[in-house]
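Descriptive structure summary
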Amino acid sequence: MAIQENGNGGVLKYERMDSDAMEEDGVLCEEKRNDGSRKYVLVCAIFASLNSVLLGYDVGVMSGAIIFIQQDLKITEVQEEVLVGILSIISLLGSLAGGKTSDAIGRKWTMAFAAIVFQSGALIMSLAPDFKVLMIGRFLAGIGIGFGVMIAPVYIAEISPTVARGSFTSFPEIFINLGILLGYVSNYAFSGLSPHINWRIMLGVGILPSVFIGIALFVIPESPRWLVMKNRIDEARMVLLKTNENANEVEERLAEIQQVAGHVNAEKYEEKAVWRELLNPSPGVRRMLITGCGIQCFQQVTGIDATVYYSPTIFKDAGIKGNTQLLAATVAVGFTKTIFILIAIFLIDKVGRKPLLYVSTIGMTTCLFGLGLTLSLLGNGSVGIKLAILCVCGNVAFFSVGIGPICWVLTSEIFPLRLRAQASALGAVGSRVSSGVVAMSFLSVSRMITVGGTFFVFAAISALSVAFVHKCVPETKGKSLEEIEMMFQNDRPQQVGELELEDVKHLMQDTVKGHIIS
């Protein structure tokens with residue numbers, strides 16, 4: 001009755017207010033949904049990255065544990081190189097098998113299998129009475145790591161929304177760095193114990209993340225793209241509803257995935273072996289392989305694993321005395337690596353992949369060259385020690401802010417769905433072989449041309465990586481996985497969305513101006 005007394009204008013007013021209230025409620029609901037989906041994908045990415053902690057911990061802890069293994073088991077320098085480097089070589093078997101395994105049993109259960117195999121190896125290593133048994137444990141740990149480093153980025157890329165895919169896909173590299181830091185801290189914490197006991201505890205602690213990986217299996221979903229490949233469309237839709245911020249786009253995304261997966265022409269794809277297509281690729285796939293495998297190899301041949309595995313040797317050559325002081329210096333390296341990988345996760349989807357790769361590779365080249373000069377000309381002095389620590393920390397910082405995480409982001413983005421698992425496995429193999437060759441030859445090469453001379457070689461290779469990034473790596477920021485595939489198939493990738501060095505210069509200038517103004 002009161003509405004009638006106020007006339008039509010009053011009615012319209014109240015109707016408009018009700019409409020505004022409904023719109024506000026709808027906006028609030030959409031914001032809550034967006035926030036909920038982001039948190040859900042974040043949790044999935046964290047749990048999927050736990051296997052990477054195992055890899056990082058093994059890399060970090062072995063750099064210190066090897067000192068005490070030498071004292072306890074009386075191994076030779078050659079055995080030391082084999083023990084350190086064999087994990088990367090053996091892991092290629094896991095990476096090669098990981099693609100086929102993940103296509104057969106799913107991305108989620110492949111991660112579980114990787115954790116079980118690694119933990120078995122870690123347990124055997126911690127109880128090893130001699131070098132032979134230690135190598136058996138190392139073999140199993142390598143297989144598990146091969147599975148883990150290959151499947152985690154693929155899984156995260158396939159569940160992440162386009163706008164945040166770069167940040168989430170870099171999580172495995174973040175957790176590798178966290179594991180390296182924990183390994184360094186473990187070395188320092190247990191170094192005071194008996195040489196017969198301390199290295200066993202250091203290696204055994206790596207089993208602990210298995211508890212969280214077990215919990216993860218009850219939290220994370222299967223990849224929606226893998227579910228589509230298996231014709232489990234309803235399950236894929238349910239996962240997409242949880243991981244996409246806009247519910248209206250779910251059906252569109254699902255149809256896009258079905259088309260790319262070849263759901264309609266599944267029999268056609270089954271007739272053509274994936275490995276045959278990779279070994280005899282089309283021009284588009286060849287460009288993908290050059291970009292993906294090339295960036296993986298450059299990530300390792302620039303010597304990052306030598307820097308991490310043999311950081312005590314580097315600092316000893318610079319003039320630091322005593323095991324405790326050496327291990328304390330490595331903790332500084334671990335903190336630097338972890339801090340800068342966290343910076344990368346905030347920049348990768350804002351700045352883009354390519355500018356960060358330019359900054360990373362140019363910065364690494366500078367630091368590696370500086371380290372070579374320091375060790376060759378200023379060793380065994382306080383200035384030389386400080387410069388060596390600065391150059392090593394600078395090298396791992398530039399690595400962690402660019403090529404470290406972006407390498408895995410790119411290889412999980414650029415390959416088509418039907419080839420993604422196997423092609424990513426191939427890239428991981430290139431990475432692991434390169435890592436193994438560097439780790440197993442570092443001490444021998446350093447003896448021939450000195451430690452400083454070895455880092456001059458790494459600096460030269462790093463300079464080549466700058467040219468590779470400029471010529472072969474496209475910008476993939478803001479593009480869906482399906483759009484990236486079409487970009488490689490339809491045109492030269494470096495001509496599509498390419499960001500030149502001049503753009504990076506302007507970007508850095510704008511950043512400096514922004515800081516000055518603020």
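My aim in this report is to walk through the structure given alongside it, one point at a time. (Residues numbered from 1 in each chain as written. Predicted model: local features only at pLDDT ≥ 70, side-chain atom pairs only at ≥ 80, totals over all residues. Heavy atoms only, no water.)

**Examining unusual backbone geometry**
- Positive phi, normally seen in glycine, also occurs at Asn231, with a value near 65°.
- Asn231 gets classed as partly exposed once you look at its relative accessible area, which sits at 48%.
- Residues other than glycine seldom take positive phi values, yet Thr450 does so here, at roughly 75°.
- Position of Thr450 relative to the elements: it lies in helix H23 (residues 417-472).
- A residue is classified by how much of its surface remains accessible, and Thr450, at 46% relative accessible area, is partly exposed. (Buried < 20%, exposed > 50% of the residue type's maximum accessible area, 1.4 Å probe, protein only. Helix = DSSP H or I, 4+ residues; strand = E, 2+ residues; numbered from the N terminus.)

**Things to note about the packing of aromatic side chains**
- Within the structure shown, the criterion is met by 6 aromatic pairs.
- Centre to centre, the rings of Phe113 and Phe147 are 5.1 Å apart; their planes meet at 85°, and the pair counts as edge-to-face. Highlighted residues: Phe113 in helix H5 (residues 107-127) and Phe147 in helix H6 (residues 131-159), separated in sequence by 34 residues.
- Overall, the relative accessible area of 5% leaves Phe147 in the buried class.
- Ring geometry for Tyr310 and Phe442: centres 5.1 Å apart, planes at 15°, overall stacked. Taken as a pair, Tyr310 in the loop between helix H17 (304-309) and helix H18 (311-318) and Phe442 in helix H23 lie far apart in primary sequence, 132 residues in all. Each member of the pair, Tyr310 as well as Phe442, is classed as buried.
- Feature note: the residues Tyr310, Phe442, Phe455 and Phe458 constitute an aromatic cluster, connected by ring pairs. (Phe/Tyr/Trp six-rings, centres within 6.5 Å; stacked < 30°, edge-to-face > 60°.)

**Comments concerning the state of the cysteines**
- Summed over the entire model, instances satisfying the criterion amount to 0 disulfides.
- Considering cysteine sulfurs only, Cys391 is the nearest to Cys367, which forms no disulfide, with 5.9 Å between them.
- Taking relative accessible area as the criterion, Cys367 reaches 12% and is therefore assigned buried. (Disulfide = S-S within 2.5 Å.)

**Overview of the packing of helix H19 (residues 323-347) against helix H21 (residues 382-401)**
- The N-to-C vectors of H19 and H21 enclose an angle of 25°; their axes lie 8 Å apart at closest approach. Looking at the two axes, H19 sits roughly parallel to H21. Crossing of H19 against H21: the hand is right-handed. Mapping the contact onto sequence places Ala332, Val333, Thr336, Lys337, Phe340, Ile341, Ile343 and Ala344 in H19 and Val392, Cys393, Val396, Ala397, Phe399, Ser400 and Val401 in H21.
- Residue composition of the contact of H19 with H21, by class: 12 nonpolar, 2 polar and 1 charged. (Axes fitted to C-alpha atoms, helices over the stretch in contact; angles between N-to-C directions. Parallel < 35°, antiparallel > 145°, perpendicular 65-115°, else oblique. Left-handed = near helix turned anticlockwise from the far one by under 90°. Contact = heavy atoms within 4.5 Å. Nonpolar A, V, L, I, M, F, W, Y, C, P; charged D, E, K, R; others polar.)

**Points about helix H22 (residues 403-413)**
- Counted residue by residue, H22 has 11 buried out of 11 residues, so it is predominantly covered.
- Turning to H22, its buried residues are Ile403, Gly404, Pro405, Ile406, Cys407, Trp408, Val409, Leu410, Thr411, Ser412 and Glu413.

**What about the environment of Val396?**
- As for its placement among the helices and strands, Val396 is situated in helix H21.
- Exposure remark for Val396: the relative accessible area of 0% places this residue in the buried category.
- Separated by 89 residues in the primary sequence, Val396 and Thr307 place their C-alpha atoms 8.2 Å from one another.
- Dropping the residues within four chain positions of it, Val396 is found in contact with Ile304, Thr307, Val333, Thr336 and Lys337.

**Some points on H18**
- Turning to H18, its buried residues are Ser311, Pro312, Ile314, Phe315 and Ala318. Projected onto a plane normal to the axis of H18, the buried residues spread over an arc of 160° and lie on a single side.
- Looking one or two residues past H18, Gly319 carries a phi angle of roughly 125°, positive in sign. (Arc of directions from axis to C-beta.)

**Some thoughts on a nonpolar patch on the surface**
- Together, Phe369, Leu373, Leu377, Leu378, Val383, Leu387 and Leu390 give the surface a local cluster of nonpolar side chains, amounting to about 650 Å² of exposed area.
- Secondary structure elements with two or more residues in the nonpolar patch: helix H20 (353-377) and H21. (Patch = residues over 30% accessible without salt bridge, like charges linked within 9 Å, V, L, I, M, F, W, Y side chains within 5 Å. Areas by Shrake-Rupley, 256 points an atom, 1.4 Å probe, with all protein chains shown as cover. Salt bridge = Lys/Arg side-chain N within 4 Å of Asp/Glu carboxyl O.)

**Description of the packing of helix H8 (residues 171-190) against H19**
- Taken N-terminus to C-terminus, the directions of H8 and H19 make an angle of 160°; their axes are 8 Å apart at the nearest point. With respect to each other, H8 and H19 are oriented roughly antiparallel. In terms of crossing hand, the pair formed by H8 and H19 is left-handed.
- For the contact of H8 with H19, the residue count by class is 16 nonpolar, 6 polar and 2 charged.

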